[in-house]
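# Structural overview for review
Chain residues, written in single-letter form:
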Amino acid sequence: MVRQKSLDILVSGKKQWNIWRHTYPDVQAFEPDLHEAYLYKADLSGIDFHGVDLTEANLQQADLRNANLQETDLRHANLQNADLSDANLYRARLHGAELRGAKLCRANLTEADLSNADLRGADLLGADLTKAILKHTQISEALVSLQDLDAGDRNTPLEAHKER
């Protein structure tokens, strides 16, 4: 029932969703459940998904610019070609997520778990990958600069970061 209520509020619009999240902070403790939600091509820019369960959700080609995805569970979610520019993904769980071709420009990926994620062809320019877990992450053809990695490891090849 919690899942259906979360979906109903989200379907009513991102403005209503954000108002609901801020009006009822006790909901934060229950981690709204959008597991396996179908949000293909959805306009979710600026949405507050802090701590939401979006495991296995279809967010392919979704607009998540400036979204708050802090501590969001996105394990095995499909974010292929999604726009996550300027999104806050601090401590987000993206284990096994599909991020091929995603735009993650200037995204905050500090302490995010990107293990086993597919980032092939993703745009990570300006993204903050401080302490991000990149173990077994597929990153071929991804756009990333070494200055986006940990300040102490800027001269370390990206492949070495994958073993963290």
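Residues numbered from 1 in each chain as written. Predicted model: local features only at pLDDT ≥ 70, side-chain atom pairs only at ≥ 80, totals over all residues. Heavy atoms only, no water.

### Comments concerning the overall build of the protein chain
- From N to C terminus, the protein chain includes 3 helices and 0 strands.
- Scanning the protein chain from its N terminus toward the C terminus, one meets helices and strands in the order α-α-α.
- Counting only residues that meet the buried cut, the protein chain has 47% of its 164 residues in that class.
- Considering only contacts within the protein chain whose residues lie at least 6 apart along the sequence, 13% involve residues at least 24 apart. (Helix = DSSP H or I, 4+ residues; strand = E, 2+ residues; numbered from the N terminus. Buried < 20%, exposed > 50% of the residue type's maximum accessible area, 1.4 Å probe, protein only. Contact = heavy atoms within 4.5 Å.)

### A short note on the packing of aromatic side chains
- For the structure on display, the rule yields 3 aromatic pairs.
- Ring geometry for Tyr38 against Tyr40: centres 6.1 Å apart, planes inclined by 25°, an arrangement best described as stacked.
- You can call Tyr40 partly exposed: its relative accessible area is 32%.
- Aromatic ring contacts, followed pair by pair, group Trp17, Trp20 and Phe49 into a single cluster. (Phe/Tyr/Trp six-rings, centres within 6.5 Å; stacked < 30°, edge-to-face > 60°.)

### Looking at the environment of Asp43
- Turning to its location among the elements, Asp43 is positioned in the loop between α2 (14-23) and α3 (158-161).
- When neighbours within four sequence positions are excluded, Asp43 is seen to be in contact with Lys14 and Asp63.
- One polar contact links Asp43 to Ser45, side chain to side chain, over a distance of 3.0 Å. (Polar contact = N/O pair within 3.5 Å; in protein donor to acceptor, adjacent residues only side chain to side chain.)

### Quick notes on the nonpolar core
- Counting residues in hydrophobic clusters, the biggest one holds 47 residues, and the most contacted among them are Phe49, Leu84, Leu89 and Leu94.
- For this core, the elements supplying multiple residues, two or more each, are α1 (2-11) and α2.
- Per-element accounting of this core gives the leading share, 3 residues, to α1.
- Beyond its immediate sequence surroundings of up to four residues, Leu94 is in contact with Leu74, Leu79, Leu89, Leu99, Leu109, Ala112, Asp113, Leu114, Ser115 and Ala117. (Core = buried A, V, L, I, M, F, W, Y, C linked by side-chain atoms within 4.5 Å.)

### Quick notes on unusual backbone geometry
- Phi at Asn81 is positive, roughly 60°, even though this residue is not glycine.
- Inspection of the secondary structure puts Asn81 in the loop between α2 and α3.
- Classification of Asn81 by relative accessible area gives partly exposed; the value is 41%.
- Although it is not a glycine, Arg91 sits at a positive phi angle of roughly 60°.

### Focus: the environment of Leu59
- Residue placement: Leu59 occurs in the loop between α2 and α3.
- Separated by 22 residues in the primary sequence, Leu59 and Asn81 place their C-alpha atoms 9.0 Å from one another.
- Discounting residues that sit within four places of it in the chain, Leu59 has contacts with Leu39, Leu44, Leu54, Leu64, Leu74, Asn78, Leu79 and Ala82.

### Focus: the environment of Asn108
- You can see Asn108 is positioned in the loop between α2 and α3.
- Spatially, the C-alpha atom of Asn108 lies 7.1 Å from that of Asp86, the residues being 22 residues apart in sequence.
- With residues near it in sequence (within four places) discarded, Asn108 still touches Ala87, Asn88, Leu89, Tyr90 and Asp128.

### So, the side chain of Asn18
- When you line up the elements, Asn18 lands in helix α2.
- The class for Asn18 is buried, based on a relative accessible area of 18%.
- Beyond its immediate stretch of four places on either side in the chain, Asn18 contacts Gly46, Ile47 and Asp48.

### Some points on the side chain of Asp118
- Here Asp118 shows up in the loop between α2 and α3.
- Given a relative accessible area of 7%, Asp118 falls into the buried group.
- Not counting chain neighbours up to four residues away, the residues in contact with Asp118 comprise Ala97, Glu98, Leu99, Arg100 and Gln138.

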